[in-house]
Amino acid sequence: MPDEGILRLRSACPHDCPSGCALVVERLSPSRIGRIRGAEDNGYTAGVVCAKVARYAERVHHPDRLTRPLRRVGAKGEGRFEPIGWDDALDLVADAFIRSARRHGPEAVWPYHSGGTMGLIGRYGLERLRNVMGYSRQRSTICMMPAEMGWRAGVGALRGVDPREMAESDLVVMWGGNPVSTQVNAMAHITRARKERGAKLVVVDCYRTPTVEQADVAVIVRPGTDAALAVAMMNVMLAEDLADRDYLARHTDFDDGVAAHIATRTPAWASAVTGVPEAEIVALARLYGTTPRSFLRLGFGFTRSRNGSAAMHAVSCLPAVTGAWQHRGGGAFFINWWSERLDLAVAQGSDRFRPDVRALDQSRIGAVLCGEEEALLGGPPVTAMIIQNANSASVAPDSRTVRRGLMRDDLFVCVHEQFPTPTAKLADVVLPATTFLEADDMYLAYGQTHLTIGPQVIEPCGEARPNHAVTQALAQRLGADHPGFAMTARELIDHSLRGSGLGGFEAAAAQGWVDMALPFERAHFLDGFPQPDGRFRFRPDWSALGPAHALMPSLPDQAMLIEAASPEHPFRLVTPPARSFLNSSFTETPASRGRAGRPTALMHPDDADALGLADGAAATLGNRRGAATLEVRRFAGLRPGTVVVEGIWPNAAFPEGFGINQLVGADPVPPAGGVAFHDTAVWVRAAAIEE
Ligand SMILES: Nc1nc2c(c(=O)[nH]1)N[C@H]1C(S)=C(S)[C@@H](COP(=O)(O)OP(=O)(O)OC[C@H]3O[C@@H](n4cnc5c(=O)[nH]c(N)nc54)[C@H](O)[C@@H]3O)O[C@H]1N2
Ligand SMILES: Nc1nc2c(c(=O)[nH]1)N[C@H]1C(S)=C(S)[C@@H](COP(=O)(O)OP(=O)(O)OC[C@H]3O[C@@H](n4cnc5c(=O)[nH]c(N)nc54)[C@H](O)[C@@H]3O)O[C@H]1N2
Ligand code: SF4
Ligand SMILES: [Mo]
């Protein structure tokens, strides 16, 4: 590309963040970027982006970027590699796949991906490869599964009111999410409602997050008790005639049995479960029940418990009780996932879907690689993998087991990465990956209504290649035949857009996005809920949602499935996102690391006193899975018994060499799997940190 001076080019954020920002990137030269800004003319982004992406130049031009393919030379996990050429590296990967498949059958190969990029081409290209080759499938459970099943239980499909309508609401209830840290754009729309309409913001969380700090009403619950709060709110609203009986009759399956059940769940009962004073529960129910334009914005956090699906279902019943769905600025939103509205058959190879092939659970990578029979679903061991967009050694639960699995001598692991992550360091072959600025892709902005387009902005860093190029090259070596492998990423995007009736690549890229918002009637489910009878369900059909349905409450209720505190493990650990990281990404950039400080446990001063822990003291958190030593910060903004550790720090940030996820269980959340990241019982002891 010739140097044309500074250009401002449209792009789209690729990260796993509900905001899904439309971007404008300053291109300083064909290989360098300057500042990144939010697109002013996108109705949701409205010119706002988070600080970490605004300074993306730090990440894309980072000296630690992987620039050449590498082959392991030392022992597994030792971290010694030598550079090799792309052809040799790809040959090694293809040979390992061929050998594995010959020995144990194609299911011994497990292509693995996560949300490191949300690109519909880059993230899911491995699906095409696995479908054509008959390799093991992946159940993508790590992020959303508990929340998704809870939402589907009542509402029926992953969609809801356009979150831009928050600006037209009189009451926004942010439940179990921390948008100031995790999706800053949501705050812009909430702030508008507060300025222009005097709207109130309620935040339900288990500690005083930056979002709670901005709230008019802060409700601090014990982790894993949200269903109790929601059902007690319904109890008050039904008792005080704040329910919309006509709406309930027309749009839901509400009946006397549901009413009788809710009548038993009093605020006094919920107070004992949640730790929230009874008067606060009653006041919240009255505020919610008397505000027609109440917008319930649901985060993921309160669903990352073993009872998370049940909690999501219980909370999602609130707008059905009040009929808030009928009003502008009213109703609820969790996420939009409308991939079914896109023609992705060629892009993702879904035309070659193989229901007969086993689907291994992404979240149970440790159990799968350690050969646990139930995790392998009765099939062969996994002996070869390619991992894209995933840093499993840090982000997956039960990380000591994950590491043990990745270290297996008879397992071949290729990691395609931008950085030498803890996962890449355990690989046999490491391939350098481009960032979103160096490749073409399109993205589903799941916390709002746009499909965003991110054309390539700069040349690749060193020899880095996009995910699509790697799947293409492997397909060629493996003899995988599918039209998608013969097309460029841009052609695949163009083909998908045209097949979906959304124009083509050029037009969409010039605009930067396609708005997929639904008309008011549909978005508010006034034409019926996407359930077989068109009604919101207070009585979910859990058996249609997952195999562990027998554990689910038949009515909205507090399910006592959590890893409860005990004399041996008296604390409940919550591990939410850090503002300056994005999952494990940005832990490499100096500004993000500087802001985040070091791994820290927030503890109530009463708890800290009982253990003799001063501010800044070292403490070890532990349970039967592992032990992690970090610094204590005394913090009154949580209930005694709760401990909060923000951020997925690299394993090396802990003296034990394992991160916080060594403490988190990998047992699947009912009914359909997923991880209880915020549901861990631990002991806490004073420790010494060796500097
Ligand atoms: N304790 C705790 N653990 C958690 C969570 C929590 O709240 N607490 N949250 C969980 C959740 S919700 C999620 S979604 C997971 C996220 O887990 P991951 O998706 O694994 O985490 P990320 O850090 O977002 O991305 C992983 C890697 O993808 C790489 N990457 C980015 N773009 C590309 C690309 O184009 N190509 C290739 N090949 N690589 C790329 C990045 O460099 C990064 O190292 O973590 C989970 N883990
Ligand atoms: N800066 C930044 N942004 C991110 C991420 C990041 O790591 N950093 N991760 C991205 C990803 S992959 C995702 S999925 C989203 C997640 O975005 P969120 O939905 O905001 O994050 P969660 O981890 O789900 O936790 C949100 C809040 O839930 C609270 N919480 C935990 N347990 C409970 C509970 O039992 N009840 C209640 N009421 N609250 C509880 C936590 O304390 C936390 O404040 O954010 C995305 N955006
Ligand atoms: S990480 Fe989230 S808030 Fe930041 S630019 Fe990307 S989509 Fe926007
Ligand atoms: Mo996530």
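Residues numbered from 1 in each chain as written. Chains lettered and ligands numbered in written order. Predicted model: local features only at pLDDT ≥ 70, side-chain atom pairs only at ≥ 80, totals over all residues. Heavy atoms only, no water.

## Considerations on the site of ligand 1
The immediate surroundings of ligand 1 are formed by 29 residues, with His416, Glu417, Asn467, Ser584 and Asn661 found nearest. Serine 584 is positioned with one of its side-chain polar atoms (N or O) 2.8 Å from an oxygen atom of ligand 1. Within the side chain of asparagine 661, an N or O atom sits 2.7 Å from a nitrogen atom of ligand 1. Considered on its own, ligand 1 offers 910 Å² of accessible surface; in the complex 95% of this is hidden by protein. Partitioning the shell around ligand 1 into residue classes produces eight nonpolar, 17 polar and four charged. (Near = heavy atom within 4 Å. Polar contact = N/O pair within 3.5 Å; in protein donor to acceptor, adjacent residues only side chain to side chain. Areas by Shrake-Rupley, 256 points an atom, 1.4 Å probe, with all protein chains shown as cover. Nonpolar A, V, L, I, M, F, W, Y, C, P; charged D, E, K, R; others polar.)

## Thoughts on empty space enclosed by the protein
This model, assessed by the stated rule, comprises four cavities of 30 Å³ or more. Put simply, the largest cavity is a space of about 130 Å³. Lining of the largest cavity is provided by 17 residues; of these, Cys13, Cys17, Ser19, Cys21 and Cys50 occupy positions nearest its centre. The residue makeup of the lining of the largest cavity, split by class, is nine nonpolar, seven polar and one charged. Here the lining of the largest cavity spans two domains, and each of domain 1 (7-60) and domain 3 (146-336 + 521-551) adds at least three residues to it. Considering only enclosed or pocket space, the second largest cavity measures out at about 70 Å³ in volume. Looking at the second largest cavity, the residues that line it are Arg159, Gly160, Asp162, Asn336, Trp338, Thr449, Met516, Ala517, Leu518 and Ala523. Split into classes, the residues belonging to the lining of the second largest cavity amount to five nonpolar, three polar and two charged. (1 Å grid on protein atoms, 1.4 Å probe; cavity = no way out; pocket = protein on both sides within 12 Å on 5 of 7 lines; lining within 4 Å. Points joined across faces, edges and corners; volume = space filled by probe spheres on them. Domains from an automatic or database assignment.)

## Re helix H13 (residues 278-289)
The terminal C-alpha atoms of H13 lie 16 Å apart, and with 12 residues this matches the ideal 16 Å at 1.5 Å per residue to within 8%. Residues of H13 that are buried include every one of Ile281, Val282, Leu284, Ala285, Tyr288 and Gly289, and no others. Take H13 and look down its axis: the buried residues cluster within an arc of 160°, on one side only. (Helix = DSSP H or I, 4+ residues; strand = E, 2+ residues; numbered from the N terminus. Expected span 1.5 Å × (residues − 1). Buried < 20%, exposed > 50% of the residue type's maximum accessible area, 1.4 Å probe, protein only. Arc of directions from axis to C-beta.)

## Digging into the sheet that holds strand S1 (residues 7-12)
Sheet architecture is open: three strands sit in the order S1-S2-S3, paired in antiparallel fashion. This sheet does not close on itself; its edge strands, each paired only once, are S1 and strand S3 (32-38). Between one strand and the next, the sheet's axes are offset by a mean angle of 30°, whatever the strand orientation. Pairing between S1 and strand S2 (residues 22-29): six bridges, direction antiparallel. Looking across to S2, one finds that arginine 10 is bridged to valine 24. (Pairing = 2+ DSSP bridges. Axes fitted to C-alpha atoms, helices over the stretch in contact; angles between N-to-C directions.)

## Digging into the pattern of salt bridges
This model, assessed by the stated rule, comprises 40 salt bridges. The salt bridge involving glutamate 82 is made with arginine 71; its shortest N-O contact spans 2.8 Å. Separated by 11 residues along the polypeptide, glutamate 82 in strand S5 (residues 81-83) and arginine 71 in strand S4 (residues 70-72) bring together distant segments of the chain. According to the relative accessible area criterion, glutamate 82 is partly exposed, its value standing at 31%. A relative accessible area of 33% places arginine 71 in the partly exposed class. Of the charged contacts, one joins arginine 306 and glutamate 563 as a salt bridge, the two residues approaching to 3.3 Å between their closest N and O atoms. Residue arginine 306 is found in the loop between strand S11 (294-298) and helix H14 (308-316), and its partner glutamate 563 is found in the loop between helix H23 (520-523) and strand S20 (571-574); the two are separated by 257 residues along the sequence. Of the residues examined, glutamate 563 reaches a relative accessible area of 16% and is grouped as buried. (Salt bridge = Lys/Arg side-chain N within 4 Å of Asp/Glu carboxyl O.)

## Let's talk about the domain arrangement of the protein
The assigned domain composition of the protein is domain 1 (7-60), domain 2 (70-140 + 339-445 + 450-515), domain 3 (146-336 + 521-551) and domain 4 (571-687). Domain 1 and domain 4 are separated by 30 Å when their C-alpha centres are compared. Taken together, the contact pairs 10 residues of domain 1 with 13 residues of domain 4. Counting the surface lost from both domain 1 and domain 4, the interface buries some 870 Å², and carbon and sulfur atoms represent 60% of this. Three residues, Lys52, Arg55 and Arg59, lead the burial of domain 1 against domain 4; their summed loss comes to 59% of the area buried on that side. Inspection of the domain 1/domain 4 interface yields one salt bridge. Seen at the junction of domain 1 and domain 4, the total is three residue pairs in polar contact (both at pLDDT 80 or more). Counting only elements with at least two residues in the side of domain 1 that touches domain 4, the list comes to helix H1 (51-54) and helix H2 (57-60). Among the elements that line the side of domain 1 that touches domain 4, the one with the most residues is H1, at three residues. A class-by-class count of the residues in the side of domain 1 that touches domain 4 yields four nonpolar, one polar and five charged. (Contact = heavy atoms within 4.5 Å. Buried area = accessible area lost by both parts, 1.4 Å probe.)

## Brief notes about the side chain of aspartate 607
By the element assignment, aspartate 607 lies in helix H25 (residues 605-610). We note that aspartate 607 is buried and unpaired, the nearest opposite charge coming from arginine 222 at a distance of 10 Å. Not counting residues within four places of it along the chain, the set of residues in contact with aspartate 607 comprises Phe571, Pro640, Gly641 and Thr642. (Lys, Arg positive; Asp, Glu negative; His and termini not counted.)

## Observations regarding unusual backbone geometry
Glycine aside, the phi torsion of most residues is negative, and most peptide linkages are trans. Here the amide bond leading from proline 670 into proline 671 is cis, since omega sits at 5°, within 30 degrees of zero. Tracing the sequence through the fold places proline 671 in the loop between strand S24 (642-645) and strand S25 (680-687). A positive phi angle, close to 45°, is found at alanine 46, a residue other than glycine. Located in the positive-phi region is phenylalanine 586, a residue other than glycine, with phi close to 75°. When its relative accessible area of 1% is taken as the criterion, phenylalanine 586 is described as buried.

## Considerations on the packing of helix H9 (residues 226-239) against H14
Axis separation between H9 and H14 bottoms out at 8 Å; the angle between their running directions is 20°. The angle between H9 and H14 places the two elements in the roughly parallel class. Crossing hand, H9 versus H14: left-handed. Residues Asp226, Ala227, Ala230, Val231 and Met234 of H9 touch H14, and the partners they reach there are Ala310, Ala311, Ala314 and Val315. Residues of the contact of H9 with H14, tallied by class, amount to eight nonpolar, no polar and one charged. (Parallel < 35°, antiparallel > 145°, perpendicular 65-115°, else oblique. Left-handed = near helix turned anticlockwise from the far one by under 90°.)

## Details of the site of ligand 3
Lining the immediate surroundings of ligand 3 are Cys13, Cys17, Ser19, Gly20, Cys21, Val49, Cys50, Val53, Val184, Asn185 and Leu582. Because more than half of its atoms lie within 2 Å of the grid, ligand 3 is assigned to the largest cavity. (Sits in = over half its atoms within 2 Å of the grid points.)

## Concerning the sheet that holds strand S12 (residues 331-333)
If you trace the five strands from one edge of the open sheet to the other, you get S10-S9-S8-S11-S12, paired in parallel fashion. Bordering the open sheet on either side are strand S10 (217-220) and S12, each of which pairs with just one other strand. If you compare each strand with its neighbour and ignore which way they point, the axes differ by 15° on average. Bridge analysis of strand S9 (residues 200-205) against S10 gives four bridges, and the strand direction is parallel. What sits directly across from valine 203, in S10, is alanine 218.

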